[in-house]
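Reading the structure
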Amino acid sequence: MPVKVIARSCIEGRIKMNGNFPQKAQEIMNERFNHDTLIALATVNGTIPYVRAVNSYYQEGAFYVITDASSGKMKQIEKNSNVSICGEWFTAHGIGKNLGHILEEKNEEIAKRLRKAFASWYNNGHINEEDPNTCILCIQLTEGVLFSHGTRYDIDFRKD
């Protein structure tokens, strides 16, 4: 039976979920992904799929990635925002959205969390906050499948 989760778009700010997202599934998602974690991110260019590993941080129904606005993945998402992800016994579809530059005031809260999550490598030259192309990619999940110890959780992250 699908699990319904009510969420607002990541472009509107903090994601809100209702009580229908099982507590155990929430705990598993947070344990596995609420820190620096690699996920596979799939986009498309025309009819050709492209998959790459990205460092990500999960928070309440969305994954966040710091990237370059001029990268191939961001150009592909600009043309077709439908994406897929997978990582540690979790697969999902979602909508990719460029939240804008990491230093924009509207991104202050999530940028602070990303700096903390990615602290082990954030300041080693990989991220240049002064670069105007440094942006935050939000992957707002729409539906996903989570497995844990023989239990399958079908999760619908969309609004009703």
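In the block above lies the structure referred to throughout.
I will try to describe carefully the structure that is included in this document. Here the structure is a predicted model, which means the values were calculated and not measured. (Residues numbered from 1 in each chain as written. Predicted model: local features only at pLDDT ≥ 70, side-chain atom pairs only at ≥ 80, totals over all residues. Heavy atoms only, no water.)

Section: the packing of aromatic side chains
Applying the stated criterion across every chain, the model contains 6 aromatic pairs. With 5.8 Å between their ring centres and 50 degrees between their planes, F33 and F90 make a pair best called tilted. Residue F33 is located in helix α1 (residues 23-33), and its partner F90 is located in strand β6 (residues 90-101); the two are separated by 57 residues in the primary sequence. Pair check on accessibility: F33 and F90 agree, each one buried. Among the aromatic side chains, those forming a connected cluster through ring pairs are F33, Y58, F63 and F90. (Phe/Tyr/Trp six-rings, centres within 6.5 Å; stacked < 30°, edge-to-face > 60°. Helix = DSSP H or I, 4+ residues; strand = E, 2+ residues; numbered from the N terminus. Buried < 20%, exposed > 50% of the residue type's maximum accessible area, 1.4 Å probe, protein only.)

Section: the pattern of salt bridges
For the coordinates displayed, the defined rule picks out 5 salt bridges. For K106, the salt bridge identified is with E104, shortest N-O distance 3.7 Å. Judged by relative accessible area, K106 falls into the exposed class, the value being 63%. Relative accessible area serves as the criterion here: at 33%, E104 is assigned to the partly exposed category. With its nearest N and O atoms 2.6 Å apart, the salt bridge here joins R115 to E129. Highlighted residues: R115 in helix α3 (residues 108-117) and E129 in the loop between α4 (122-126) and β7 (134-148), separated in sequence by 14 residues. (Salt bridge = Lys/Arg side-chain N within 4 Å of Asp/Glu carboxyl O.)

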